[in-house]
Each structure stands twice: as C-alpha cells, then as structure tokens.
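Overview (structure and organization)
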Amino acid sequence: MAKVKQSIERVHIIGVLVEDHPGVLSKLSGMISTRGFNIDTITVGKTMNKGISHIVISLTGDDQTIEQLKKQVNKLVDTIKIIDLNPKHSVLREHCLVKVESSAEARDDIINISKLHKVNVVDMNEQSMIIEVVGRPEKVNNFLRMMKKYNIKNVCRTGVNAMRRDSNNNH
Amino acid sequence: MLGNEAIVKALLEENVTHLFGFPGGSVMPLYDEFLNHTDNLRHVLVRHEQGAAHAADAYARVTGKAGVCLATSGPGATNLVTGIMTAYMDSSPVIAFGGQVPTGLIGNDAFQETAMMGVTALITKHNFQIRSANKIRSTIKKAFVLALNGRPGPIYIELPKDVQTSEVINEEKDTHIAGFKPKISGHFGQIRKAADLILNSEMPVIIAGGGILWANACNELNQLVEMLNIPVTTTIMGKSCFPEQHPLSLGVLGMHGRKVANYAIANSDLIIAIGCRFNDRITGNLDTFAEKSKVIHIDIDSAEIGKNVPVDLPIVGDAKNVLHRLNAVLAKLAQKKDSIWADKIKRFIKECDCVLDINSNPIDPRMLIFEFNKIIKEQDIVATGVGQQQMFCTHFLKRSRPRTIISSGGAGTMGFGLPAALGAKVAVPNVEVYNFDGDGSFAMTMQELGTLKEENIKVISIIMNNAYLGMVRQWAELFFDKRYSAVHLKRTPDFAKVANAYNLEGYSVSKPNEIVPTLKEACNSDEAVVIDVHVKEEANILPMFATGGNITDMFGDCIHIPGKLF
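Residues numbered from 1 in each chain as written. Chains lettered and ligands numbered in written order. Predicted model: local features only at pLDDT ≥ 70, side-chain atom pairs only at ≥ 80, totals over all residues. Heavy atoms only, no water.

A look at the nonpolar core
Residue and element names in this part refer to chain B.
- Judged by nonpolar contacts, the single largest core of 47 residues is most densely connected at Phe20, Cys69, Leu80, Leu422, Phe442, Leu449 and Leu452.
- For this core, the secondary structure elements donating two or more residues are helix H3 (49-63), strand S3 (67-71), helix H5 (81-89), strand S4 (94-100), strand S13 (381-384), helix H18 (417-427), helix H20 (449-454) and helix H22 (495-501).
- Here this core takes seven residues from H3, the largest share from any one element.
- Counting contributing residues per domain, this core is built from domain 1 (3-165) and domain 3 (365-534), each supplying no fewer than three.
- When sequence neighbours within four positions are dropped, the list of residues in contact with leucine 80 reads Glu49, Ala53, Cys69, Ala71, Ala96, Phe97 and Tyr156.
- Listed in part, the 36 residues of the second largest apolar core include Ala195, Leu213, Ile315 and Ala342. (Core = buried A, V, L, I, M, F, W, Y, C linked by side-chain atoms within 4.5 Å. Buried < 20%, exposed > 50% of the residue type's maximum accessible area, 1.4 Å probe, protein only. Helix = DSSP H or I, 4+ residues; strand = E, 2+ residues; numbered from the N terminus. Domains from an automatic or database assignment. Contact = heavy atoms within 4.5 Å.)

A look at the packing of helix H1 (residues 24-34) of chain A against helix H2 (residues 63-75) of chain A
Residue and element names in this part refer to chain A.
- It is the contact of H1 with H2, at a shortest axis distance of 11 Å, that shows an interaxial angle of 145°. Two packed elements cross with a definite hand, and for H1 against H2 that hand is right-handed. On H2, the residues touching Leu28, Met31 and Ile32 of H1 are Leu69, Gln72 and Val73.
- Counted by class, the contact of H1 with H2 contains five nonpolar, one polar and no charged residues. (Axes fitted to C-alpha atoms, helices over the stretch in contact; angles between N-to-C directions. Left-handed = near helix turned anticlockwise from the far one by under 90°. Nonpolar A, V, L, I, M, F, W, Y, C, P; charged D, E, K, R; others polar.)

Here's the deal with the sheet that holds strand S1 (residues 9-19) of chain A
All names here are of chain A.
- Within the open sheet, the four strands sit side by side as S2-S3-S1-S4. Their pairing is antiparallel. At either end of the open sheet lies a strand with only one pairing partner, and these are strand S2 (39-46) and strand S4 (79-84). On average, each strand axis in the sheet is inclined to that of its neighbour by 20°, with strand direction left out of account.
- As judged from the eleven bridges shared by S1 and strand S3 (residues 52-62), these two strands associate in the antiparallel manner. Counted as the bridge partner of valine 16 is isoleucine 55 from S3. (Pairing = 2+ DSSP bridges.)

Here's the deal with the pattern of salt bridges
- According to the stated counting rule, one finds 32 salt bridges over all chains in the structure shown.
- Among the salt bridges present, the one from lysine 458 of chain B reaches glutamate 432 of chain B, with a minimum N-O distance of 3.0 Å. Taken as a pair, lysine 458 of chain B in the loop between H20 and strand S16 (460-465) and glutamate 432 of chain B in the loop between H18 and strand S15 (433-438) lie far apart in primary sequence, 26 residues in all. The pair lysine 458 of chain B / glutamate 432 of chain B is uniform in exposure class, with both members buried.
- In this structure, the salt-bridge partner of lysine 453 of chain B is glutamate 527 of chain B, at a minimum N-O distance of 2.7 Å. Placement of lysine 453 of chain B in helix H20 and of glutamate 527 of chain B in the loop between helix H23 (515-524) and strand S18 (529-534) is noted, with a sequence separation of 74 residues between them.
- Taken together, the shared-partner salt bridges connect Lys75 of chain A together with Arg151, Asp301, Glu304 and Lys307 of chain B into one network. (Salt bridge = Lys/Arg side-chain N within 4 Å of Asp/Glu carboxyl O.)

A word on unusual backbone geometry
Residue and element names in this part refer to chain B.
- Of note, the bond from asparagine 361 into proline 362 is cis; its omega dihedral lies within 30 degrees of zero at 5°.
- The residue proline 362 is located in the loop between helix H15 (340-352) and helix H16 (365-375) in this model.
- The backbone of alanine 290 sits at a positive phi, close to 55°, despite the residue not being glycine.
- Here alanine 290 is to be found in the loop between helix H13 (280-283) and strand S11 (294-299).
- Among the residues examined, alanine 290 registers a relative accessible area of 3% and is labelled buried.

Quick word on the sheet that holds strand S12 (residues 313-316) of chain B
Residues and elements named next belong to chain B.
- Ordered in space as S9-S8-S7-S10-S11-S12, the six strands form an open sheet in which the pairing is parallel. In the strand order of this sheet, the two ends are held by strand S9 (249-252) and S12, each with one partner. Neighbour to neighbour, the strand axes of the sheet diverge by 15° on average, direction disregarded.
- In this sheet, strand S8 (residues 232-234) lies alongside strand S7 (residues 204-208) in parallel orientation, the contact comprising three bridges. Residue pairing for S8: alanine 208 is matched across the bridge by threonine 234.
- Relative to S9, helix H12 (residues 259-267) is tilted by about 110°, and along the sheet it contacts S7, S8, S9 and strand S10 (270-274).

Some points on the side chain of serine 441 of chain B
Residue and element names in this part refer to chain B.
- Within the secondary structure, serine 441 is located in helix H19 (residues 439-445).
- Since its relative accessible area comes to 1%, serine 441 is described here as buried.
- Looking at serine 441, its side chain comes within polar contact range of the main-chain oxygen of valine 386, at 3.1 Å.
- Sequence-distant contacts of serine 441, that is, excluding residues within four places in its chain, are made with Gly385, Val386, Gln389, Met414 and Gly415. (Polar contact = N/O pair within 3.5 Å; in protein donor to acceptor, adjacent residues only side chain to side chain.)

Details of the interface of chain B and chain A
- Between chain B and chain A, the contact holds 28 residues from the first and 18 residues from the second.
- The junction of chain B with chain A conceals about 1,700 Å² of combined surface from both sides, 55% of it contributed by carbon and sulfur atoms.
- Where chain B packs against chain A, one counts one salt bridge.
- Of the charged contacts, one joins aspartate 301 of chain B and lysine 75 of chain A as a salt bridge, the two residues approaching to 2.5 Å between their closest N and O atoms.
- Here chain B is connected to chain A by four residue pairs in polar contact (both at pLDDT 80 or more).
- Here the residues of the side of chain B that touches chain A sort into twelve nonpolar, six polar and ten charged. (Buried area = accessible area lost by both parts, 1.4 Å probe.)

Focus on the packing of helix H3 (residues 104-117) of chain A against helix H4 (residues 137-147) of chain A
All names here are of chain A.
- Where H3 contacts H4, the two axes come as close as 11 Å, and the packing angle between them is 165°. Classified by the angle their axes make, H3 and H4 are roughly antiparallel. Crossing handedness for the pair H3 and H4: right-handed. Judged by residue contacts, Ile110, Ile113, Ser114 and His117 of H3 engage Lys139, Phe143, Met146 and Met147 from H4.
- When the residues that make up the contact of H3 with H4 are grouped by side-chain class, the tally is five nonpolar, two polar and one charged. (Parallel < 35°, antiparallel > 145°, perpendicular 65-115°, else oblique.)

Remarks on H23 of chain B
Residue and element names in this part refer to chain B.
- Where H23 is concerned, the buried positions are Ile515, Val516, Thr518, Leu519 and Ala522. Down the axis of H23, the sector holding all buried residues measures 160°, keeping them to one side.
- Where H23 is buried, its residues touch H16, S15, S16, strand S17 (505-509) and S18. (Arc of directions from axis to C-beta.)

Some details on the pairing of S4 of chain B
All names here are of chain B.
- Across the seven residues that make up S4, a large majority, seven, are buried.
- A two-sided burial pattern is seen for S4, the buried positions comprising Val94, Ala96, Gly98 and Gln100 on one face and Ile95, Phe97 and Gly99 on the other.
- Pairing analysis gives five bridges linking S3 to S4, with the strands arranged parallel. Counted as the bridge partner of alanine 71 is glycine 98 from S4.
- Across six bridges, S4 lies against strand S6 (residues 155-160) in parallel orientation. What sits directly across from isoleucine 95, in S6, is isoleucine 155.

Right, dumping it as structure tokens:
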C-alpha cells in the first residue's frame, strides 16, 4: 500500500482564474466548505481579460489535503486555471482598516507606533482614528497586536492577495 | 424563430429522440412547441417529476446517450432534485431542464419560483441559466458536451418563461468552454510502468468500476484478463462489464459483496482499479484496506485518484484508451502464465458458486433470486430498487452483457427501480425489462404504473415483499439489539390490486413453485405487470461487513464456503 505523506499543516495560497458568472464564487466556496476544507481567507476581483475573474484563497492544511482541494477546484467547469501562490515564490499583501479608540493621551502613542510600522492614519476625530495597514499578513498581525492595548473598535481585513514572482527558478 | 423552437431544434441537433417530463405553467411554451415535432421527438409524460429524472438517468445508463428530463419551475424542478443527485453520484449524463419564472421576476419570490441554480450547484457537474434566447443553442451544445465528456455527469439548465417566448435575433455562436479540458489519453510512461508492475506481481486483482461501462471499455478489459489470467471483481456500478459466468469473475465486492471477492482483494499484492472511486462500501476501514497490495488507479477524474486510497501508480485517462494501450504494451512483453494465484482463485470461485433450491414456506428471498436468474435472458435489463432486494440482486444475479443491470449505487435512492425500468424500456424496447424492487422502494414511485399503462411501456415488476423496510430492519437486528423503530410496512398496499387499479395485470405469489410460472406468464404479456412476491419477513442479506469494518471481518454465513475464508 502506498505510504501516506506526512501530515504537516501549513498555510497554502492558491489563485484560481474563473469565468465571471453570477454564482461562481458561491459555488466554489460552497464546494470547498462541503468537502470539509477550511478557508482562512478568500478574495476576488476582475482581471484585464473580460469575463475572467481572479480568486485568491488561503487555507491551512497538510499537503495531501490541499492537493485534493486543488483537484476539486480544477474540476469545476468555471475554473480556467489554478495558480500555486506558495509564499516562498509569491508576493503577498493584505489590506486592513482598523479603528482604534484614541483619547488625548493615547493619540500620540498611536501615531508614533503607526509611523514606526509605516502604516497610515486615514481618518481621525475626537474619539477614534482609522489606520490603514498594507503589507504581508504578518505585518498586519503585528500591528494589530500592538494596537490591542488601545481598545480596537473595529477591524476589516481583505484577506491575502498574492502574485507569483517571475524568476528562472519557478516552474 | 422563438426560444421554444430554438430549444427543440438544439435538442434534435444533439440526436435527442426521447425525453421524460411533466408540464406546468412556466414550460407551456416549450410543451406547445413539442406538438410540432411529434415525428422526431417523443415526450413521455410521467406521473411525478422524480420519475422523469430517474427515467432519463436509466436511459443514459443503458444507451450511453444523454438522458433528458423536463419539469416546470418551483416544485416541479425541486421534484427533480433527488433524481439529479442520484445521477450525479453515479456519474450519469442527464440533461435536466427546469422551467423558471420570467427573467424580470427572478429574485422576487414569484409564484413557483425556486433558486434552482443554487439548489443544484453541488449536485450537478455544471448548471446553466439561459437569460437570452440568443444563448439557447450554444448553452445546450455546451451542456451536452459537458454531460458526455470526461467523467459524465448531470447538467441542469434553467429556462425562464420569457426566454422561451422571445425571438432569437443574434444567435451566439461560441460554444467553447474555457475551463473544460478532460484528459483522455493516459501518460505513456505511466502505462509502461503499470505494465511492469502487473507483470511482476504474483497476486493481481482487477476492480472494475462504473467507469468501464461509461467508457465502453468492456472488450479491452476482457482482453487484459484473457492475456494474463487476472481475476476480476466489480463494484455495483461496474457489474455487467465482465461476464459473471467466467471462471475468473469474482462477482461484486464490498459490504454486501461476495466473500471470495473481498478475499481476493485482501490477499492480493497488486490491485488494478479501473473506473472506480474506492467508495466506503467497498473499502471498509481505510486503515486496513489493501494493506498488502500495491495500487494502480486508472480513472478519468484525477480528483478520485488518491482521494480515499493512497495510490502507487496513478494513470489519469479514459479507461478504453488507457486499457487499449496497456494491452498493447503487455502483448509485446507477456506470456500467458499458469499462475498459482489464478488457479486458487478459480477454485474458490467454483466452490463459492451457489445455486439453491430452497423450497421453504414462506419463500426464502434467495430462492426468488435464483428462480429469477433462470428466467432472465442475457440481453434483458434489470433495474433495482434500493435495500435488501438490491443487495440480493447485485450479489446473486449473474449478468454478462454490459449495461444490463441498473442500480442506484452512490445515492441509494429508494424508488429508483420502477421509473428506471421505464426509462430503460423506452431506450431498448426490444428486450424484456424488469424492475426488481422492494415493498418499501416500490411504493415510493409506484404512480409511474400510470405512465407504463398510458405510454404502452412494458416493465415486469418483481416486488420482494417482506413487509418491512428490510435493510433498516436488518441493521436494527444486527446493530441496535433488534429494536425496530419505524420499519414495519405491513404489506400495505396489496400491490397486485394497485396494478389492477392502473388497469394492469397483478399477481400475488406466496409459494416458491409459483415464481417461475408467474414470471413466464408475465413475459408473455403485452403490458406492464406487477408480481408481488411475499417472502420471509425477517431474512438477512449476508455475509456483510459493518460500516468502517475491515473487509476481512465479513460475518454471516455464506451458503457454500467451507469454514471461514479469511
């Protein structure tokens, strides 16, 4: 009997080019959840090709599980192509808006921390400020961790977007 | 040209000659158009849309063509769902049309509106909603391509009423499906490796699944077996792809399969699985399944390879294509060898062969099967219900010609039998078609007796009537301390009288020596017949292994095998 590959879970990111019809995203995510895969984040947008959209999915699982997921996604008639967005050879970005309570005392601290983390304050009033974080998911995580002591009122993350780097080593 | 005419023209272009359906408000324009094509297109009016879906499914299973069914919007379409799901689980190419409210009303909770695109999304290979008459022809073309190529599967097409009545002005020509590129020819390097593996194995076994039938690969399978003397077992879906009277035919494997088949699998050193998906009914406990064997898995759907059972040698491709090339490679390398394994298996198969004459009263259900086996001819087709009678049938009935037994394997849909037999008879009218059913299953779709009568479709229904929901009762007896909960059907109704109510002939049989004469009389009839056979109430279909059990832990006595096989 063939040996089952070792079960080490890690984050996998896959890009899926799909035909842009109503219901495609719904069917894709429905299929994924029905088969017991656990999506961490999913994002979708149009491409330069009319009628084709690009979906980026990040999920945690072992290699064998993700292999099965890719095959199932490929089976969908709407799926045109699957792109492996392994963090090792891709650029990863996530966009996050976080609203933090900012009393007069905290305001300066928050602004300093924001400068250090190279994030932008995009809105400010007496009670709170909205800060925009763009970067790798770890950068977003780190910044949110720093903001915890300052009463986070709301967080909106887009989920990870990714693009393969072109290089001689990629197959 | 209006939409309704475009739809019919598109169907005729796809060589559709029959369809099964039930009208309603949202499909009246289409039904009106049918009257203009009665010479080329036969519409069979069923009595429940589920019957239409099962009939279309069976039509596809016996011909390999796409089976077409049609229902109105709302409840009509949702009544198709069970049938579509049944086809999906067994990879059957069904084109299911459902009416829909006019496009302007969609999303408004209109009368008889249901979001069927969402409902069918995960039980179809793909679905389409036609929003413009210009897209009718291209959509239907795409639907048939998808249904019939790669791994077959059902397609749902939604037809809003206004699309049926609007003018085709600028017909869409493009029928390209960007995301559909089925892999037909297997990788030659893999095929070569497979040949080596096979020649170096000492105890090979072939598992032939439904894919062999869908690919029409029975001849190629036969060649492989004859070349190398490899024993063959089939799944329920693959049954009839290999003649079961052949000395190397192990019969069906799995939970209610033959002990000798499971024995061969458990003791093999190489499993060659073709067109099968290693469903839990045949593998039992995956931790112990095929422990000692290497696995070659040939399938057109790469997602099935490695899904349940880890595979040593995967080959993605069409069964016929791959086997043809594999046979060519083997023919150059192989010499037919006398194998100890093949001889041992042949001996076991012979020992396991049971033909019984059990003249007990009440009738032993096995007796019914054996008597039926005497009457049914090689070219006749049998459809089954689901439950004990289905397992008796797949276990004991011998089939040798492809596509002569149809059964709901993946879904296990009770009520499949009668409408499936109906569809099979419409597809192949010149053979006898039987529905081998249970009292529980038959009662679920027996209104199709009306269709059999009024559409002049002859089906011989044999009901293995044990007064119980047999399979559930068996499980209650074996696994729930015989605590019967809601399983006693008590032989209501009298099925012979039900047949009479439909102006059809009905027989009640309660003695074993009445079975054959009644069957013979039924064969002589011109019209559909119902034979209600009262069998022993609490008989079990054994041997079996429990869900998740090891296939080597089959329990329950076989008729013949001396002692335990494992």
